[in-house]
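Structure at a glance
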Number of protein chains: 2
Amino acid sequence: MTEVDIMRTEFLANCINILGNDFVITDAADQQPYLTDWRRRFVGKALAVLLPQSTDEVASLVRLCAAHHIACVPQGGNTGLVLGSVPDQSGHAVVISLKRMNRVLAIDVANNTITVEAGCLLAQVQDTASAEQRLFPLSLASEGSCTIGGNLSTNAGGTAVLRYGNTRELCLGLEVITAQGEIWNGLRGLRKDNTGYDLRDLFIGAEGTLGIITAAVLKLFPQPRAQITAFTALESPDAALDLLKYSQDALGPTLTAFELISDFSLQLVLRHFPQLQHPFGRSYPYYALVEMSDHESESHAIALMEQVLEQAMNDGHAADAVCATSISQSKSLWKLREHISEAQAKEGKNIKHDISIPVSQIPHFIQITDAELSAAFPGCQIVCFGHMGDGNLHYNVSAPVGSSDAEFILQQTAINRIVHDNVHQFKGSISAEHGLGMLKRDEIKLYKSELELSMMRAIKVALDPQNLMNPGKVL
Amino acid sequence: MTEVDIMRTEFLANCINILGNDFVITDAADQQPYLTDWRRRFVGKALAVLLPQSTDEVASLVRLCAAHHIACVPQGGNTGLVLGSVPDQSGHAVVISLKRMNRVLAIDVANNTITVEAGCLLAQVQDTASAEQRLFPLSLASEGSCTIGGNLSTNAGGTAVLRYGNTRELCLGLEVITAQGEIWNGLRGLRKDNTGYDLRDLFIGAEGTLGIITAAVLKLFPQPRAQITAFTALESPDAALDLLKYSQDALGPTLTAFELISDFSLQLVLRHFPQLQHPFGRSYPYYALVEMSDHESESHAIALMEQVLEQAMNDGHAADAVCATSISQSKSLWKLREHISEAQAKEGKNIKHDISIPVSQIPHFIQITDAELSAAFPGCQIVCFGHMGDGNLHYNVSAPVGSSDAEFILQQTAINRIVHDNVHQFKGSISAEHGLGMLKRDEIKLYKSELELSMMRAIKVALDPQNLMNPGKVL
């Protein structure tokens, strides 16, 4: 055995001492799910996959890693989209999976808070809240697989941000294992606390590069008595912007979702999910799904939504509209939005962008970017949809009809440049809700100022001087 | 002249080069307003008071200070309550007042954002938003004097936090001058941006110790069509907690304020403002002011509020209730709450606490702390009121009737200890909305973990290695 081998053997023996044999995975086949990216674009390597069951075990493992100069890649549901939760291919790092730490620690209904371990599935938190007639509003496509720790580390967005904010806005307190393996108990359930620097928000969205989140206190809300969904037909993104402003003024905080869907996005869904129906007799260039949540009653909600839709049509903001009057109708309308990603996958590969720009600039951005892409890549097809109320578009680009996906994908860099340059021109973000991970770590350097990057590096060095926490991600 | 005098003369000449003669204040009398604490408890000293008018001027001044190793104390309206915005008594620092930087830079109604310089008065931002039928919801007693830069640096709270959050939650982007005098342009108007560490929230609430905020992008909201205020009579803090939960369930996000007022607090107001009237024929132990904001109509709002109050009384949550049916009635009810601080000041001195605890723990906290204080300081009078919906109480203690305020104030340390120890027991915060400044910098060491303080110090050193940004505050 070489000296390195001896060191590794000793390290793994120590891991087994902490966790027991069953929770130190070194077998290559058993490691695969933890090393493989959610979209199966990348497979990393790891010295071991470690499965702690308690905060103390995580702290012990991080101290051990620090002593051996071994990097740690924290992992939740491994559903991230930017290669943030898998190790690189060096094989020098360990994956620390939090998925066994999945206990709900406390629920305080009168304080509207729930305290959970990082490995809790998002759906589990939603369900626990719901059983107490409370709402945990974070909602994502992967909610049955993703964990709260991952949601926090990536500051996940989803469909309810318009009303409730990103994961950042839903968190009051954290427990974090520092890069030195110390336990920071910041599990506060307070709406107000001005006693020093906001460490909580520094760890949120840091993608595990500053420490490992092991537990959190999250905000709960009273459950609305009714949720009403409408689907509107629109002549243009400008009409969508008008309708959004109109809906915000009329519905105030009861407006809980405003999702833009281009006609091409809807056509993809209908092609691949023939059981779903077009909500109108004909096609329109764009659609918006509008959801309101009401604390009075379903009849009040429907009456108000119908009044809003009628006025919106009379004023020319909407070309047509339907309002779901049952839960199953509402679900059918949501499916038209939710199945876009899957429909795209069935259609073939495309080049994805998770971007945000000021809401007011969306029509102009779409107009310019559509035109530039069509000029540079004649016939390319744009799948444009997203959380318009938050200024967040999933603006994806597919190959022209009849041409090869594989060849088209080779144009990725040039296409990214057109899209991201325009995002930058409009003072937007090239990663609205997915994070940077390994995937956008270099791309961001084109757009973020050197001063901002240098402040980020200064903070990274201050908190993780050995660069052992998820190295190579974000920075 | 000594070498130090020569250096200072050269430094001041450079300041005059940057700002012109009129905006470098060295005259002691002219400096006084900038050196004197809002509550007139403390007067600091400064080498000069500097009044820049642009971001570039602030950056130039900070670079000059860095080159001369001169500390900078940034200042807005100087309305802070914890000695955060005045210099210490060494006379080595300069005050950099942002009050000439008071331009509204942009308002984007469709994006619901306003971009303002740091020296804008809070009331000016509210008014500018209002002129465009938008709401900037931050609302404080000092809104006519405090600036947005100060609000951001202290993460100010106020009366609308229950619905809209603290200043932190109302800010999307910042422009900051770093300790090195560089300009960080983070003036983004985005609801979603996951491209690295959350520097914005690090500067917010840092009380000027990490850099100087020179401008910000703030969130706006649609204006509600009606605001309805009710005043309720309660038998106990437990009843207040019941009523809060009940109101949240019934009103959802239209509940915009829930303020607790003890009978003694109300008596003080009525004693010193005899033009105000008791809302009920008799006294009750506690009261809650409840406000809802409605996007439908005034008649809808009144009907809903009356229904809520009736049900609350039927279910025993409230002993009595009145609902204002005009704007002037509503203002009168709010005055009962808003005049408490002034009534206290007229009554004499007292020992103030700005605390937060989990909302669910408020009744138990009040019960225990009232009892401990009465046992230790027989006859002491407790002025208990605050933003109950946020778990934030202003829990102030006055001398027993007939005894001297001056003597009672000498007990401050012992009284703080009882109150703050209980706050800590209940996992609360000893500074909910005012910050730490110089006033609570030592007190916080009793309650915050050494690990958390060490992370704060590491960040301070990383961003301000010379310790020139508002030294001696927070840390």
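The notes below deal with the structure included here. (Residues numbered from 1 in each chain as written. Chains lettered and ligands numbered in written order. Predicted model: local features only at pLDDT ≥ 70, side-chain atom pairs only at ≥ 80, totals over all residues. Heavy atoms only, no water.)

Another point: the interface of chain A and chain B. The partner chain B presents 85 residues to the 85 residues of chain A that form the contact. The junction of chain A with chain B conceals about 6800 Å² of combined surface from both sides, 57% of it contributed by carbon and sulfur atoms. Considering only the surface of chain A that becomes buried against chain B, Lys192(A), Asn194(A) and Tyr197(A) emerge as the three largest contributors, covering 16% of it. Taking the shortest distance from any N to any O, the salt bridge between Arg134(A) and Asp249(B) comes out at 2.3 Å. Put simply, chain A and chain B have 49 residue pairs in polar contact (both at pLDDT 80 or more) between them. Mapped by element, the contributors of at least two residues to the side of chain A that touches chain B are α6 (161–164), β9 (183–186), α7 (199–203), α8 (237–251), α10 (298–314) and α16 (450–463) of chain A. A total of nine residues in the side of chain A that touches chain B trace back to one element, the largest contributor, which is α16(A). Across the side of chain A that touches chain B, the residue classes tally to 34 nonpolar, 29 polar and 22 charged. (Contact = heavy atoms within 4.5 Å. Buried area = accessible area lost by both parts, 1.4 Å probe. Salt bridge = Lys/Arg side-chain N within 4 Å of Asp/Glu carboxyl O. Polar contact = N/O pair within 3.5 Å; in protein donor to acceptor, adjacent residues only side chain to side chain. Helix = DSSP H or I, 4+ residues; strand = E, 2+ residues; numbered from the N terminus. Nonpolar A, V, L, I, M, F, W, Y, C, P; charged D, E, K, R; others polar.)

All names here are of chain B. One open sheet holds the four strands; their spatial order is β1-β2-β4-β3, and the pairing between them is mixed. The sheet is open, and its two edges are formed by β1 (24–25) and β3 (72–75), each paired on a single side. Relative to strand β4 (residues 94–97), strand β2 (residues 48–50) is paired through three bridges, and the arrangement is parallel. Bridging from a neighbouring strand, Leu 50 pairs with Ile 96 of β4. (Pairing = 2+ DSSP bridges.)

Residue and element names in this part refer to chain A. Following both chains from N to C, one finds helix α1 (residues 3–19) and helix α3 (residues 55–68) inclined at 170°, their axes separated by 10 Å at the closest point. Judged by the inter-axis angle, α1 sits roughly antiparallel to α3. Contacts from Met 7, Glu 10, Phe 11, Asn 14, Cys 15, Ile 18 and Leu 19 in α1 reach Glu 57, Ser 60, Leu 61, Leu 64, Cys 65 and His 68 in α3. Counted by class, the contact of α1 with α3 contains eight nonpolar, three polar and two charged residues. (Axes fitted to C-alpha atoms, helices over the stretch in contact; angles between N-to-C directions. Parallel < 35°, antiparallel > 145°, perpendicular 65-115°, else oblique.)

Let's shift gears to the side chain of Asp201(A). Within the secondary structure, Asp201(A) is located in helix α7. By relative accessible area, Asp201(A) is classed as buried at 2%. Filtering out sequence-adjacent residues up to four positions away, Asp201(A) remains in contact with Arg168(A), Arg168(B), Asp198(B) and Asp201(B). (Buried < 20%, exposed > 50% of the residue type's maximum accessible area, 1.4 Å probe, protein only.)

Further remarks concern the relation of the copies chain A and chain B. Relating one copy of the chain to the other requires a rotation about an axis plus a shift along that axis. Rotating chain A by 180° and translating it 0.0 Å along the rotation axis places it on chain B, where the RMSD comes to 0.0 Å. As the rotation angle and translation indicate, the two copies are arranged about a two-fold axis. When you check the interface residues of chain A against chain B, 100% turn up at the interface there too, and the contact is symmetric in its surfaces. (Least-squares fit on C-alpha atoms with pLDDT ≥ 70 in both.)

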